[in-house]
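Coordinate analysis (summary)
Below, each chain spelled out in residue letters.
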Amino acid sequence: MRTTAGRRAPSDLTADLHALTAHLAALAPTGGPLRVQVITPHGSSRSDYHVECAVNYGKLTVTYWGPNGSACWRVERYARHGTALRLDVSRRVGAEHGQLIITSPDEAPPDTFPTPDPSRWKVCVRTWLSHNLPAGARITSLRQWRHPSPVAGWQAQSGNATWLVFTTTDPTALRQLLGNAMQALDTLPATTYLWLLLPPDSRVELLPFLSLLHVPQVRLYEAAPDWSAVHPVAPDHQLPLITEPIRLWRYKPPTPSELDDLRQWFGDALDVHCEVVPAGANALSVRWYGLECARLQRRVVAEEKAAGRTTPALRFGLMTLGQPSRPLTARNRADFHALLDSLGRYRTPATREVGHPLYRAHPERWLDVAVRRQLHLIDEALDPAHVRVQAPHFSRDTLGLADFVTLTHTGRLAVVELKADADADFIWQGLTYWLRAVHHWRQGDFLRRGYFAGAQPDRCALPHLYLLAPTLRFHPTVRTVARRLRADLPVTLVGVTERWRQSLRVVFRECFGDF
């Protein structure tokens, strides 16, 4: 089916609830139980349950119950796999993830099929194009931007009409596919049609992005589960993958007493080179220009002081670089000071040994610290009093809400994403975070979770997305996509000096959208 990408809201829970309820009713017309396969990291089980979807507190949920128990999950995204319904779900504020495959009781679960060889698939698609494009259309392969590339593309010409066609067999390459399509549209601005041939059950990955872009008439196709054919699919509404903002009350900032304890060990370096941030409910992380070097166990400190003892409750080590973490004792105090000496020599803006691993480790974390310390350089409209760092508060398996979020002085939410190196996925990652931020901003989740206390937020204005990177590290795809974004989506690209560690300065600022 042909459609033009519309300006849909990032999340329409009523439309999603209607679609899921209708599909469940089609699987069980009499309202009886359904076959539910539950897949989690801990295992898989299958049984018959009654299933119901609902919207509770601004969230789409699915509940199933029966003789073997019951459970309630939050629906993050959904897709049809033949007649089966596949739900990606989470609960416990994103701490637990799983997948539900729902079928009628007398239907076997959908089969899995091996992915075809990319070269053979490319030949199949080329043959398919010759049968589905107008007779006599001239079809040529497009140059690949990367070799080897999981994405293949063609240009077709027939009369005054031009087609751009892209496909991939790799579900993880969908953003690259869309980026290649945007670059090709820049080269061929008069393109009439854009056709995207996707792996089975993968269109939900692209739908949120297509709703944000101005592109020619789009036709989506998906391969059959066994890759034997491709079928047109309607770009139905689909809510984006949602992650709840962190509960700020669980992560209390360091107290003056705790900072005094840390200064006993770090001295002036704590205030000059480090920042102290909560790491869970009972620990403080000490980060030297973004590189964690120690942790203070808050509960142990309180217990020791109550007992009148002064045993250090500090563990040190560069765990993110593969070093073990050790408790600070009288025997290894010299090792602790040696670590501080190394950080003070190599991980500072003034060092001359810029090739040292400590200097080059985790550049984005260092850039994040530099930007937050001089937020006014990025945009004077940003309010440094309301900066909320997101990424450090999420586990490895949980997705965050960009590097940090803040407010403008007028109360508009600002989403800031950083990159220290060139990355074609930069803009897609930023837009993903922006979609989540829009959802939570409109639902009031940030305010309910304790964000931006004392501010007067403007929940009617769409959040502003800032993408920041060193000037020479902006991948061409970033600007290409930014130029095709909807006019009501405010995006600012900020390029800073290549020597941002020594001196953070803005070299260029490009604004897209109507502010």
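Cut-offs applied
- Residues numbered from 1 in each chain as written.
- Predicted model: local features only at pLDDT ≥ 70, side-chain atom pairs only at ≥ 80, totals over all residues.
- Heavy atoms only, no water.
- Phe/Tyr/Trp six-rings, centres within 6.5 Å; stacked < 30°, edge-to-face > 60°.
- Buried < 20%, exposed > 50% of the residue type's maximum accessible area, 1.4 Å probe, protein only.
- Lys NZ or Arg CZ within 6 Å of the ring centre and 35° of its normal.
- Salt bridge = Lys/Arg side-chain N within 4 Å of Asp/Glu carboxyl O.
- Helix = DSSP H or I, 4+ residues; strand = E, 2+ residues; numbered from the N terminus.
- Pairing = 2+ DSSP bridges.
- Axes fitted to C-alpha atoms, helices over the stretch in contact; angles between N-to-C directions.
- Contact = heavy atoms within 4.5 Å.
- pLDDT = per-residue confidence, 0-100.
- Parallel < 35°, antiparallel > 145°, perpendicular 65-115°, else oblique.
- Left-handed = near helix turned anticlockwise from the far one by under 90°.
- 1 Å grid on protein atoms, 1.4 Å probe; cavity = no way out; pocket = protein on both sides within 12 Å on 5 of 7 lines; lining within 4 Å.
- Points joined across faces, edges and corners; volume = space filled by probe spheres on them.
- Nonpolar A, V, L, I, M, F, W, Y, C, P; charged D, E, K, R; others polar.
- Core = buried A, V, L, I, M, F, W, Y, C linked by side-chain atoms within 4.5 Å.

Quick word on the packing of aromatic side chains
Following the criterion strictly, the structure yields 20 aromatic pairs and no others. Arranged with centres 5.5 Å apart and planes meeting at 75 degrees, the rings of Tyr 359 and Trp 366 form a pair that is edge-to-face. We note that Tyr 359, like Trp 366, is buried. Joined through ring pairs, the aromatic side chains of Trp 128, Trp 163, Tyr 193, Trp 195 and Tyr 221 make up one cluster. Across from the ring centre of Phe 474, 5.6 Å away, lies the NZ or CZ of Arg 479, which sits over that ring. One Lys or Arg, Arg 501, reaches over the ring of Tyr 359 and ends 4.6 Å from the middle of that ring.

Notes on the pattern of salt bridges
Counting across every chain of the model gives 22 salt bridges. Between Glu 510 and Arg 479 there is a salt bridge, with its nearest N and O atoms 2.8 Å apart. Of this pair, Glu 510 sits in strand S24 (residues 506-512) while Arg 479 is found in helix H14 (residues 476-482), placing the two residues 31 residues apart along the sequence. What makes Glu 510 partly exposed here is its relative accessible area of 25%. Asp 488 serves as the salt-bridge partner of Arg 486, at 2.9 Å between the closest nitrogen and oxygen. The class of Arg 486 is buried, set by a relative accessible area of 6%. One network of salt bridges, with partners in common, ties together Lys 59, Asp 445 and Arg 448.

Thoughts on the sheet that holds strand S7 (residues 96-103)
Reading around the circumference, S2-S3-S4-S5-S6-S7 is the order of the 6 strands in this closed barrel, with antiparallel pairing throughout. Neighbour to neighbour, the strand axes of the sheet diverge by 45 degrees on average, direction disregarded. Sheet topology note: the strand S5 (residues 69-81)/strand S6 (residues 84-91) ladder contains 7 bridges and is antiparallel. Following the sheet pairing, Arg 77 is matched in S6 by Asp 88. Together, strand S2 (34-40), strand S3 (43-56), strand S4 (59-66), S5, S6 and S7 form the strand contacts of helix H1 (residues 13-27), whose direction differs from that of S3 by roughly 135 degrees.

What to know about the confidence of the model for the protein chain
On average, residues of the protein chain score 85 in pLDDT, and 87% of them are at 70 or above. pLDDT under 50 marks residues 1-10. Its contacts with residues more than four places away, or in other chains, come to 36 contacts. Contacts of residues 391-399 to residues separated by more than four positions or lying in other chains number 17 contacts, the stretch itself having pLDDT below 50.

Remarks on the packing of helix H3 (residues 174-187) against helix H12 (residues 426-443)
Following both chains from N to C, one finds H3 and H12 inclined at 110 degrees, their axes separated by 10 Å at the closest point. Classified by the angle between their axes, H3 and H12 sit roughly perpendicular to one another. Crossing hand, H3 versus H12: right-handed. Contacts between H3 and H12 involve Arg 175, Leu 178 and Gly 179 from the former and Trp 428, Gln 429 and Thr 432 from the latter.

Digging into empty space enclosed by the protein
Left-over empty space is what a probe sized like a water molecule reveals as it rolls over the atoms. Scanning all chains against the criterion turns up 2 cavities of 30 Å³ or more. Residue contributions to the lining of the largest cavity peak at 3 residues, all from strand S9 (residues 151-158). Broken down by class, the residue content of the lining of the largest cavity amounts to 5 nonpolar, 3 polar and 2 charged.

Details of the nonpolar core
Counting residues in each nonpolar core, the largest one holds 55 residues, and the members touching the most others are Phe 166, Leu 178, Met 182, Leu 194, Leu 196, Leu 413 and Leu 431. Per element, the largest residue contribution to this core is 10 residues, and it comes from H12. The contact partners of Leu 178, leaving out residues within four places of it in the chain, are Leu 196, Leu 206, Phe 209, Leu 210, Leu 213 and Trp 428. Core analysis: the second largest hydrophobic core is formed by 45 residues, Leu 328, Leu 343, Leu 367 and Val 371 among them.

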